Amino acid sequence: MKVRKAIIPAAGLGTRFMPVTKSMPKEMLPIVDKPTIQFIVEEAKKSGIEDILIVTGKNKRSIEDHFDSNPELEQNLQEKGKTGLLKMSQDITHLGINIYYTRQPYPAGLGDAIARGRSFVGDEPFVVMLGDDLMMDKVPLTKQLIDRYNETHASTIAVMPVPHKEVSKYGIIKPENEIMPGLINVKSFVEKPAVDKAPSDFAIIGRYLLTPEIFPILAEQKPDKGGEIQLTDAIDTMNKTQRVFAHVFNGVRHDVGNKENYLETSIEYGLKHPETKDALRKYIINLGKKLEKQGKE
Ligand code: G1P
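Residues numbered from 1 in each chain as written. Predicted model: local features only at pLDDT ≥ 70, side-chain atom pairs only at ≥ 80, totals over all residues. Heavy atoms only, no water.

The protein chain is annotated in an unreviewed UniProt entry as UTP--glucose-1-phosphate uridylyltransferase of Lactobacillus helsingborgensis. The Sequence similarities (unreviewed entry) field of the UniProt record for the protein chain holds the comment "Belongs to the UDPGP type 2 family." (UniProt positions renumbered as here; feature names shortened; annotations may be inferred.)

Here it is as structure tokens:
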């Protein structure tokens, strides 16, 4: 069956970015000039996804506004002859992809957010795309997962190696064997293990291709110690009755879910953006010299 649907969970409170997230969704934080969620939607589009469900929550209205039209702005741009900007605004509204929204009423975990997509997904395979991870590769990571699914018809989770001391921040796999290059048969999945208990350094990164059998499992899934329903726990349960593979991502992952990596990602994009790259490069080189001098003093 063709993979056509994606769920993007966007209900988190974004406390790591306080105070800005007090009234603004973290998904709308820009990388230079583009909200992070637009990168995710564009990846879905490039991967052939037709329908997206964004699971939102309170204070998230600006996400819907962003993908809607803005007649007042468009009229103004039209009158001023700013056709480039007008097109930019209209292209976001006419992405050629259907976007649906539902709300997660309480912050009850990633598993709970995905469970809200059950009737949207029906009995089709689908992808989950987390907004904190921006993925760069020639073929979008979501498309790579879809290609794997078309070969194996099995759920497939994107993973990549992370520094050992960071394993407690991720879902981690216990690999069994590599069945073809870059595709791992998984023994078990564990959410955020202690560094000394982690079964490997292969972390789940924010892209999942799941078969719809995950939904009855999520419905039965007990919350963890923190009261959250974990998607990783449901995937581990599913792996006991049907194959779930891990696909190793070889591209570049930008984690925009914490301040430090968010700033790094912004700089990397700023160095590529046509309007900022030259001035930013100059600034960074000068700043580097200044900091080096300070360091020697
Ligand atoms: C979530 C998942 C975790 C995964 C991570 C990837 O955690 O629960 O398994 O490794 O995303 O970014 P979060 O970062 O939301 O705590």
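Here the narrative resumes, following the displayed structure.
Let's talk about helix H4 (residues 83–93)
Turning to H4, its buried residues number three or more, namely Leu86, Ser89 and Ile92. All buried residues of H4 project into a common sector of 130° when viewed along the axis, lining one side. Residues of H4 that are exposed and point over 90 degrees away from its buried face: Thr83, Gly84 and Met88. As for H4, its buried residues are in contact with helix H1 (36–46), helix H2 (61–67) and helix H3 (71–79). (Buried < 20%, exposed > 50% of the residue type's maximum accessible area, 1.4 Å probe, protein only. Helix = DSSP H or I, 4+ residues; strand = E, 2+ residues; numbered from the N terminus. Arc of directions from axis to C-beta. Contact = heavy atoms within 4.5 Å.)

A look at the site of the ligand
Around the ligand lies a shell formed by Leu130, Asp133, Tyr170, Gly171, Glu191, Lys192, Ile204, Tyr208, Gln230 and Thr232. Protein chains bury 81% of the 380 Å² of accessible surface belonging to the ligand in isolation. Residues that form the shell around the ligand fall into these classes: 4 nonpolar, 3 polar and 3 charged. (Near = heavy atom within 4 Å. Areas by Shrake-Rupley, 256 points an atom, 1.4 Å probe, with all protein chains shown as cover. Nonpolar A, V, L, I, M, F, W, Y, C, P; charged D, E, K, R; others polar.)

Digging into the packing of aromatic side chains
Ring pairs (aromatic) are described by centroid distance and by the angle formed between their planes. By the definition in use, this model includes 4 aromatic pairs. Plain terms: the ring middles of Phe17 and Tyr262 are 5.5 Å apart, the flat faces sit at 80° to each other, and that makes the pair edge-to-face. Taken together, the positions of Phe17 in the loop between strand S1 (5–9) and strand S2 (30–31) and Tyr262 in helix H10 (residues 259–270) put the pair 245 residues apart, joining distant regions of the chain. Exposure remark for Tyr262: the relative accessible area of 13% places this residue in the buried category. Taking the centre distance of 5.1 Å and the plane angle of 70° together, the rings of Phe39 and Tyr269 count as edge-to-face. (Phe/Tyr/Trp six-rings, centres within 6.5 Å; stacked < 30°, edge-to-face > 60°.)

Some words on the environment of Thr232
Checked against the element boundaries, Thr232 lands in helix H9 (residues 231–238). Linking Thr232 and Val190, residues 42 residues apart in sequence, is a C-alpha distance of 6.5 Å. Each residue touching Thr232, except ones within four places of it in the same chain, is listed here: Gly171, Phe189, Val190, Glu191 and Ile204. Within the local environment of Thr232, its side chain forms a polar contact with the side chain of Glu191, the two groups lying 2.6 Å apart. (Polar contact = N/O pair within 3.5 Å; in protein donor to acceptor, adjacent residues only side chain to side chain.)

So, the UniProt feature "domain: Nucleotidyl transferase" (unreviewed entry) in the protein chain
With numbering matched to this structure, UniProt assigns "domain: Nucleotidyl transferase" (unreviewed entry) to residues 5–266. With 32% helix and 28% strand, residues 5–266 has end C-alpha atoms that lie 29 Å from one another.

Digging into unusual backbone geometry
With an omega of 10°, the peptide bond between Met18 and Pro19 qualifies as cis. Within the secondary structure layout, Pro19 lies in the loop between S1 and S2. One non-glycine residue, Val32, adopts positive backbone phi at about 60°. Position of Val32 among the secondary structure elements: in the loop between S2 and strand S3 (34–35). One non-glycine residue with positive phi stands out, namely Asn59, at about 65°. Its location among the elements puts Asn59 in the loop between strand S4 (51–56) and H2.

Focus: the pattern of salt bridges
As enumerated under the stated definition, the model contains 19 salt bridges in all. In this structure, Glu42 and Lys34 form a salt bridge, with 2.8 Å as the shortest nitrogen-oxygen distance. The partner of Glu191 in a salt bridge is Lys192, with the nearest N and O atoms 2.9 Å apart. A residue is classified by how much of its surface remains accessible, and Lys192, at 45% relative accessible area, is partly exposed. Salt bridges sharing common partners tie together Lys2, Arg4, Lys5, Glu50, Asp51 and Glu124. (Salt bridge = Lys/Arg side-chain N within 4 Å of Asp/Glu carboxyl O.)

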